[in-house]
Amino acid sequence: MFSSSRHRRDCARKHDRLRNAVLGVPAAYTDPSTDADAAILALSLSQLVTARAGNSLQLSHILQAYGKRALAAHEATNCLADFFLDEAESTATPDPNLPLSGVPVSLKDCIDLAGHDTTLGFSANAGRPAHTSAPIVQLLRDAGALVYAKTTLPTACLSFECSSDLFGTTTNPYNPAFSPGASTGGGAALLAWQGSMIELGTDLGGSTRYPAAYCGLYAVKGTHGRFPSTGCVSCTPGLEAVPTITAPLARTLDDLEQFWRRIVEMRPWEYDHTCAPIPWKPVDYVASGKKLRFALMVDDGVVPPTPAAERALREVESALADAGHQIVPFSPPSPLEGLKIGYQLMFSDGAVSILEPRRTGEYVNPALLTVRSLLRLPLWLKKLGAAFLRWFSRPRGRNDAWATLLEIFHPRSALEERRLVVARDAYRAAWHTAWRSAGLDLLLTVPHALPAVPKEPAASDKATLVSANYAFLYNMLDCTAGVMPVSYVDKACDSYRPDFRKDAKYLHMNDIARGVHDLYDARAMHGMPVGVQVVGGRFEEEKVLAGMKAIEHAMWKSGKGFVPRRF
C-alpha cells in the first residue's frame, strides 16, 4: 500500500516538474518559427559546425530554432522527459571552433546527466538526480554540443511500446496509433519532428534500431567498446554477456556519419575506460566505386517478415544488383540457436534485476511481464508444454521453434551461465567462419518482421520479445548493425488478402509468428516508414555507414530514394 502511494506521489511530482519546465521556457521559444529558424533547421551537422566556426551563427539562435521544434514535438507525441534550455546555453563551451560546436543533442532518460534524474521509467528513481554526468556527456560538452533535453522511455526499457506511469505514452509522429518503437522511442519522436539533431540512445536488443526504423531515421549500433557507454544505465545492470550499447540516431545518414566520426576523433578512450583506442578510418564506397558482396537474410526461422518489410528488403536487393553489387548466398549458424543462447544469458537471473525497482501497481508492458511469468514457471511444466506444442500442433512441426525456446527459458545458476558464455563464444566463432567463407562485406535483413507496432499494450504482448531476434542477434554477436529507412507502407501492394489466414504460409507459422502477422494491417499502417538493417563485423562502424551510403545511392539511382515526412 505504501509503495503504491509513493508511486502515485512521485509520478505526480515528475509530471509537475516537466510541465513547469515546458511552460516556463522564455517567451522567445513560444513565438512562431521564423525564416531564420527554418534556415538553421535546414543546415546539416557539418554545415552548422562550419557556420559556427565562421561566427555566423549564435548558440542562442540554434537553441531557439530547435527548442521551438522540441516543444511542438512534445505537444504532438509526448516525447520529453526533461527540458533545460537555459542550462544548455550556460554549460555550452563558447569556442566556435570545436568539432560539434552548436550541435543540438538530446539524451535518452537512462543516460546520466548531473543534476537530472536517470529513472528508466521507474518512479522509485524519480527525484534522485545523478551526481555526475556520463563520460559521453562530458565529451559532448567539450566538443561544443548543446545538451538540452532528455527523452522518454518505457518502464524497464524492454518494450516495443514507449509507455510508463512516470512519463505517459509516447506516440509515433507518422501515426499516433502506433509506437515510436522500443525504449529510445521518445528520442526518435523528437528527432523525426526535428526537435534535435542527434539523439543518444541505448541498445540491448534493438532499442535504437527499432525507433529508427519506425520513425524514418538512421542509427548505427557499434561493437561494445567503440562508443562511450559508462554512465548510460542499463536495465540489466551487471550483465556483461550481452552488454547494453550506447548509440546515436540522426535524421540523415550524413549527420549520423559525421557525428560518429567526430566522436571518435575526440578520442573517447580518454573519457571512458571501456572504449577501445581505435582511430576513425574513413570509408567511402560511393566515391571509390567499389562493388560490395552482400548477403540477404529474409527469414530468421522464428518470425518471417510481413509483406511491407519483405518488399522493402527486396527493393534494396534489386537496387544494389542494378548498381553492380553482388548478392551472394550465406549459410550462417541458426539464428534460432543464437536467440536461445542470448535470451538465456539476458534473463539468467529470472528477470529479477530488470524489475527490481518496480513499485506496487506500477505499469510494466505486458510482454515483459509475460517473460517474467514464464521464467517463474517450473521447468518441468515448460518442458511438458513444449512437448504438447510438438505433439499437438498442426501442421506437425510448425511450433518446434517455439517449443525449443520454451523448454530452455529458465533462470540459470552461475555455472550454467558460464557454460552459456562458452556456447555464445562458439556461436560467434561459427558465425565468423561462415562470414569469412562467404567473403561477405555486409549482410542485409529486416529490423523487425513488422514495419510498426500499435501503441496498445496488448500489441506488445502479442508481438512478444521473441520477435526481437532480427535485431537482438547482432547484440549477442556484438556486431556493428545499422538501420535506415528505404520506403513507406503502401496499402495497395503490401496488404494481405482478407482470407490470408487460410494460406499455407500462415498455417505453417508458429504461434509467435502468427501473433505478429495478426498485428499486421497495411491499411492502418499506410504511410509508415519501412527500413532495412545493414550488418557488418565487429568494430566495422565505418564500413557499415559506408555500406548504408552505397544503399542510399543505389536507391536514389533506381528512383526509390527515401524522402522523410516533415512535421
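Structural data are supplied above this passage.
What you are looking at is a predicted structure, and each value in this text was computed from that prediction instead of being measured.

Colleague: Before we go on, may I ask you to explain the overall build of the protein chain in this structure?
Modeller: Within the protein chain, the regular secondary structure consists of 23 helices and 13 strands. Its C-alpha radius of gyration of 23 Å places the protein chain within 12% of the 24 Å reference for a compact globule of 567 residues. Considering only C-alpha atoms, the protein chain reaches an extent of 70 × 65 × 50 Å along its principal axes. The buried share of the protein chain, reckoned over its 567 residues, is 62%.

Colleague: Which parts of the structure should I look at to understand unusual backbone geometry?
Modeller: Negative phi values dominate among residues other than glycine, just as trans dominates among peptide bonds. In this model, Arg394 is joined to Pro395 through a cis peptide bond whose omega is 0°. For Pro395, the position within the fold is in the loop between helix H15 (379-392) and helix H16 (400-406). Positive phi is not limited to glycine here, since Asn55 has a value of about 60°.

Colleague: How do you make sense of the packing of aromatic side chains when you look at a structure like this?
Modeller: Think of a pair of aromatic rings as described by two things: how far the centres are apart, and how the planes are tilted against each other in angle. The full count for this structure, using the stated rule, is 22 aromatic pairs. Summarising the aromatic geometry, the rings of Tyr496 and Phe500 are spaced 4.1 Å apart at their centres and angled 5° between planes, so their arrangement reads as stacked. In this structure Tyr496 comes out as partly exposed when scored by relative accessible area, which is 24%. Relative accessible area serves as the criterion here: at 7%, Phe500 is assigned to the buried category. Among the aromatic residues, ring-to-ring pairing joins Tyr174, Trp193, Tyr488, Phe562 and Phe567 into one connected group.

Colleague: Can you help me understand the sheet that holds strand E11 (residues 442-445) in this one?
Modeller: Pairing between the strands of a sheet is mediated by backbone hydrogen bonds and can be parallel or antiparallel. Pairing is mixed across the open sheet formed by 11 strands, whose spatial order is E1-E3-E2-E6-E8-E7-E12-E13-E11-E9-E10. Both edges of this open sheet fall to strand E1 (80-83) and strand E10 (326-328), since each of them pairs with a single strand only. Across the sheet, the mean angle separating the axes of adjacent strands is 30° when strand polarity is ignored. When strand E2 (residues 104-108) meets strand E6 (residues 198-203), the two strands line up parallel, connected through three bridges. Looking at the pairing, Leu107 lines up with Leu200 of E6. Its contacts with the sheet put helix H4 (residues 59-77) on E1, E2 and strand E3 (146-151), and the angle it makes with E3 is roughly 10°.

Colleague: Mind showing me how you'd approach the packing of helix H11 (residues 307-322) against helix H23 (residues 541-557) here?
Modeller: Following both chains from N to C, one finds H11 and H23 inclined at 85°, their axes separated by 9 Å at the closest point. When the axes of H11 and H23 are compared, the pair comes out roughly perpendicular. Counted together, Glu315, Val316, Ala319 and Leu320 of H11 and Ala550, Ile551, Ala554 and Met555 of H23 form the full contact between these two elements. Across the contact of H11 with H23, the residue classes tally to seven nonpolar, no polar and one charged.

Colleague: For this particular structure, what's the right way to read the pattern of salt bridges?
Modeller: Oppositely charged side chains can form a pair if their charged atoms are brought close together. Counted according to the given criterion, the structure contains 28 salt bridges. A salt bridge links Arg19 to Asp16; the nearest nitrogen and oxygen atoms lie 2.6 Å apart. Here Arg19 and its partner Asp16 are both found in helix H1 (residues 2-23), three residues apart, which amounts to about one turn of the helix. Across the pair Glu315 and Arg311 runs a salt bridge whose closest N-O atoms are separated by 3.1 Å. Taken as a pair, Glu315 and Arg311 lie in helix H11 at a separation of four residues, close to a single helical turn. For Glu315, a relative accessible area of 18% puts it in the buried group. Linked by salt bridges that have partners in common, Arg311, Glu315, Asp494 and Lys560 make up one network.

Colleague: I keep staring at the side chain of His74 and nothing clicks. Help me out?
Modeller: Residue placement: His74 occurs in helix H4. Overall, His74 belongs to the buried group, its relative accessible area being 14%. Other than its neighbours up to four places away in sequence, His74 contacts Leu18, Val22, Cys79 and Leu80.

Colleague: How should I be thinking about helix H12 (residues 335-346) in this particular structure?
Modeller: Residues spaced three or four apart along an α-helix point in a common direction, a consequence of the helix completing one turn every 3.6 residues. Here H12 spans 16 Å end to end across 12 residues, near enough to the 16 Å set by a 1.5 Å rise per residue. With 11 of 12 residues buried, H12 lies mostly within the body of the structure. Along H12, the residues that are buried comprise Pro335, Leu336, Gly338, Leu339, Lys340, Ile341, Gly342, Tyr343, Gln344, Leu345 and Met346. Next to the buried residues of H12 lie strand E9 (293-297), H16, helix H17 (414-438) and helix H19 (469-476). Between a side-chain oxygen at the N-terminus of H12 and the backbone nitrogen of Leu336 the separation is 3.2 Å; the capping residue is Ser334.

Colleague: I tried to follow the packing of H17 against H19 on my own but got confused; where do I start?
Modeller: At a minimum axis separation of 10 Å, H17 and H19 run at an interaxial angle of 100°. One way to sum up the angle between H17 and H19 is to call them roughly perpendicular. Together, Arg424, Tyr427, Arg428 and Trp431 of H17 and Leu473, Tyr474, Asn475 and Met476 of H19 make up the contact between the two elements. When grouped by side-chain class, the residues that make up the contact of H17 with H19 number five nonpolar, one polar and two charged.

Colleague: Mind showing me how you'd approach the nonpolar core here?
Modeller: Within soluble globular proteins, side chains that are nonpolar generally end up buried alongside one another. Membership of the largest hydrophobic core comes to 196 residues, with the highest contact counts inside it found for Ile136, Leu140, Phe259, Phe347, Trp431 and Tyr474. Not counting residues within four places of it along the chain, the set of residues in contact with Phe347 comprises Leu158, Ile354, Leu368, Val371, Leu375, Phe409, Pro411 and Leu465.

Colleague: What's the story with a nonpolar patch on the surface in this structure? I'm lost.
Modeller: A cluster of nonpolar side chains, namely Leu377, Trp380, Leu381, Leu384, Phe388, Trp391 and Phe392, defines an oily patch on the protein surface of about 740 Å² accessible area. Position of Phe392 among the secondary structure elements: in helix H15. Take Phe392: its relative accessible area is 55%, and that puts it in the exposed class.

The rules we used
Residues numbered from 1 in each chain as written. Predicted model: local features only at pLDDT ≥ 70, side-chain atom pairs only at ≥ 80, totals over all residues. Heavy atoms only, no water. Helix = DSSP H or I, 4+ residues; strand = E, 2+ residues; numbered from the N terminus. Rg over C-alpha atoms; globule rule 2.2 N^0.38 Å. Buried < 20%, exposed > 50% of the residue type's maximum accessible area, 1.4 Å probe, protein only. Phe/Tyr/Trp six-rings, centres within 6.5 Å; stacked < 30°, edge-to-face > 60°. Pairing = 2+ DSSP bridges. Axes fitted to C-alpha atoms, helices over the stretch in contact; angles between N-to-C directions. Contact = heavy atoms within 4.5 Å. Parallel < 35°, antiparallel > 145°, perpendicular 65-115°, else oblique. Nonpolar A, V, L, I, M, F, W, Y, C, P; charged D, E, K, R; others polar. Salt bridge = Lys/Arg side-chain N within 4 Å of Asp/Glu carboxyl O. Expected span 1.5 Å × (residues − 1). Polar contact = N/O pair within 3.5 Å; in protein donor to acceptor, adjacent residues only side chain to side chain. Core = buried A, V, L, I, M, F, W, Y, C linked by side-chain atoms within 4.5 Å. Patch = residues over 30% accessible without salt bridge, like charges linked within 9 Å, V, L, I, M, F, W, Y side chains within 5 Å. Areas by Shrake-Rupley, 256 points an atom, 1.4 Å probe, with all protein chains shown as cover.

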